[in-house]
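Below, each chain spelled out in residue letters.
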Amino acid sequence: MSATEREASEPRETPRPDKAQLAEYFRQMLAIRRMEEALAKAYALRKFGGFLHLYIGQEAVAVGALAALKPDDYVIATYREHAHAYAKGMSSKAIIAELFGKETGCSKGLGGSMHLFDASKNFLGGYGIVGGHIPLAAGTAFASKYRGDGRVTLCFFGDGSVPQGAFHEGVALAALWRLPVVFICENNLYSMGTPLYRSLSVADVSQKALAYGIARDRFDGEDVVRVRERVSEAVRRARNESLPTLIEIRTYRFRGHSMSDAGLYRTKEEVEEWKKRDPVSYGRELLVRAKMDEKDIVAIEDKVQAEIEEAVKFADESPELAYEKLAEFTYKE
Ligand SMILES: Cc1ncc(C[n+]2csc(CCOP(=O)(O)OP(=O)(O)O)c2C)c(N)n1
Ligand SMILES: [Mg+2]
């Protein structure tokens, strides 16, 4: 099926985005791409250490899915969460400074790459334990239902979470208690160096929804508009009917699992094949098709470039947290 045929056969309850919305999705995806490229460069220069898991190649998933939300809704994600944090409205300055271990970072430089967090934006992390945050998403959704605040929780995790007990516990409770949560499995075909077929007996992750009697969906994630439309349906179900959905979005990371991955478990040809479906290039293509002037697209690209350069400079020049303050944020007085 061609991309156009696929688009034609897809549901249309969510209105097609206008040119300004398409431009905003492209801007966000490009900013995330440039931010992570800058982070990779800084890591190579040893400006910071620890873990760094890049999202490059998957941008349309976070941007499209979060475009389906209201600002008050909750988002919770894994250690590959820079994109989700940015799309939830956290600044590139707060994110980059956090990775650089600076006081101006969103977690005062004490959390780092895997622990981005901003309560004011209802972005609840950043979790390093595979699958460990899935029951937490059931918890925030329970809180929303209990309080009647009308919020939806979006929970992102990888294919590696699905065989974990915590995944099944979280989804089972969400189903039983009819919680307003959307579980999004970003199936990038690998958990570290382990291909899907070695970790899951059923390749179609969305089928796990059948066991719990909840709605499911499954589609490819390179088109930001498709992601927004399909996730919007699940968000509506959560908000209007207080029912959970499990969505599997097939995607691919272009880089290694983390910075220390030599990538010996997959071929160069496979990676190149997936790069032809680059979500950022596709987002630009959508703008061309919407007849946006080339100079206006270039203006977005220039603005993004300037934003990221300024954010890196800001992070470079920011101070580290004073030694005496370290415990202030670790223990409650
Ligand atoms: C409970 C647990 N087991 C093992 C690990 C080590 N680990 C870190 S990432 C990862 C792979 C997870 O893959 P996936 O869920 O597919 O996400 P992806 O990295 O592909 O985005 C593993 C096994 C961990 N962090 N937590
Ligand atoms: Mg994976």
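The structure contained in this document is the topic of the report that follows. (Residues numbered from 1 in each chain as written. Chains lettered and ligands numbered in written order. Predicted model: local features only at pLDDT ≥ 70, side-chain atom pairs only at ≥ 80, totals over all residues.)

Broken down by element type, the protein carries 13 helices and seven strands. Taking 20 Å as the expected radius of gyration for a compact globule of 333 residues, we find that the protein reaches 19 Å, a close match to that expectation. Each of the three principal axes of the protein carries a C-alpha extent, and together these read 55 × 50 × 40 Å. Expressed as a percentage of the 333 residues in the protein, the buried residues total 44%. In the protein, once contacts between residues fewer than 6 apart in sequence are set aside, the share between residues at least 24 apart is 76%. (Helix = DSSP H or I, 4+ residues; strand = E, 2+ residues; numbered from the N terminus. Rg over C-alpha atoms; globule rule 2.2 N^0.38 Å. Buried ≥ 20, exposed ≤ 12 C-beta atoms within 10 Å, placed from the backbone. Contact = placed C-beta atoms within 7 Å.)

Positionally, lysine 121 belongs in the loop between helix 5 (92–99) and helix 6 (134–147). Sequence-wise, lysine 121 and valine 75 are 46 residues apart; in three dimensions their C-alpha atoms are separated by 9.0 Å. The contacts of lysine 121, once residues within four sequence positions are left out, are Lys88, Gly89 and Met90.

Moving on to helix 6. Taking 1.5 Å of rise per residue, the 14 residues of helix 6 would be expected to cover 20 Å, and the 20 Å separating its terminal C-alpha atoms lies within 8% of that figure. Buried residues along helix 6 sit against strand 1 (74–76), strand 2 (153–158), helix 7 (165–176) and strand 3 (181–187). Following helix 6 by one or two positions, glycine 148 adopts a phi angle in the positive range, close to 70 degrees. (Expected span 1.5 Å × (residues − 1).)

Around ligand 1 sit 13 residues, and of these Val130, Gly158, Asp159, Gly160 and Ser191 come closest. Residues belonging to the shell around ligand 1 are distributed by class as follows: four nonpolar, seven polar and two charged. (Near = placed C-beta within 6 Å. Nonpolar A, V, L, I, M, F, W, Y, C, P; charged D, E, K, R; others polar.)

What follows covers the nonpolar core. Counting residues in hydrophobic clusters, the biggest one holds 80 residues, and the most contacted among them are Ile95, Ile96, Cys155, Val181, Val182 and Ile184. Among the elements that line this core, the one with the most residues is helix 2 (residues 19–44), at 10 residues. Dropping the residues within four chain positions of it, isoleucine 95 is found in contact with Met35, His82, Ala85, Tyr86, Met90, Cys106 and Leu116. (Core = buried A, V, L, I, M, F, W, Y, C linked by C-beta atoms within 7 Å.)

This next bit is on the environment of glutamine 305. Summarising the element assignment, glutamine 305 is placed in helix 13 (residues 294–317). Overall, glutamine 305 belongs to the partly exposed group, with 14 C-beta atoms counted inside 10 Å. For the pair glutamine 305 and methionine 35, spaced 270 residues apart in the sequence, the C-alpha separation amounts to 8.9 Å.

This part takes up the pairing of strand 6 (residues 215–220). Of the pairings in the sheet, the one linking strand 6 to strand 7 (residues 245–250) comprises six bridges and is parallel in character. Each residue of the ladder has a partner; that of phenylalanine 219, found in strand 7, is isoleucine 249. On the question of chirality, the crossover connecting strand 6 to the parallel strand 7 by way of helix 10 (residues 224–241) is right-handed. (Pairing = 2+ DSSP bridges. Right-handed = clockwise from strand over helix to strand, strands pointing away.)

What follows concerns the environment of tyrosine 265. Tracing the chain through its elements places tyrosine 265 in the loop between strand 7 and helix 11 (268–275). C-beta crowding within 10 Å serves as the criterion here: with 14 such atoms nearby, tyrosine 265 is assigned to the partly exposed category. Residues tyrosine 265 and methionine 192, 73 residues apart in the sequence, show an inter-C-alpha distance of 9.3 Å. Other than its neighbours up to four places away in sequence, tyrosine 265 contacts Gly193 and Pro195.

Another point: the sheet that holds strand 2. Sheet strands pair via backbone hydrogen bonds, and the direction of the pair is either parallel or antiparallel. Strand order in this open sheet of five strands is 1-2-3-7-6, and the pairing throughout is parallel. A single partner strand is all that each edge strand has here, and the edge strands are strand 1 and strand 6. Looking at each pair of strands side by side, their axes are set apart by 15 degrees on average, direction ignored. Strand contacts of helix 6: strand 1, strand 2 and strand 3, with the helix running at about 175 degrees to strand 2, the strand carrying the most contacts. (Axes fitted to C-alpha atoms, helices over the stretch in contact; angles between N-to-C directions.)

We now examine the pairing of strand 3. Of all seven residues in strand 3, seven are buried, a share of seventy percent or more. In terms of strand pairing, strand 2 meets strand 3 through six bridges, oriented parallel. Each bridged residue has a counterpart across the sheet, and for cysteine 155 the counterpart in strand 3 is phenylalanine 183. Handedness of the crossover joining strand 2 and strand 3 through helix 7: right-handed.

Glancing now at helix 13. Its 24 residues place the ends of helix 13 35 Å apart at the C-alpha level, agreeing with the 34 Å of an ideal helix rising 1.5 Å per residue. Three or more residues of helix 13 are buried, namely Val304, Ile308, Ala311, Val312 and Ala315. Next to the buried residues of helix 13 lie helix 2 and helix 5.

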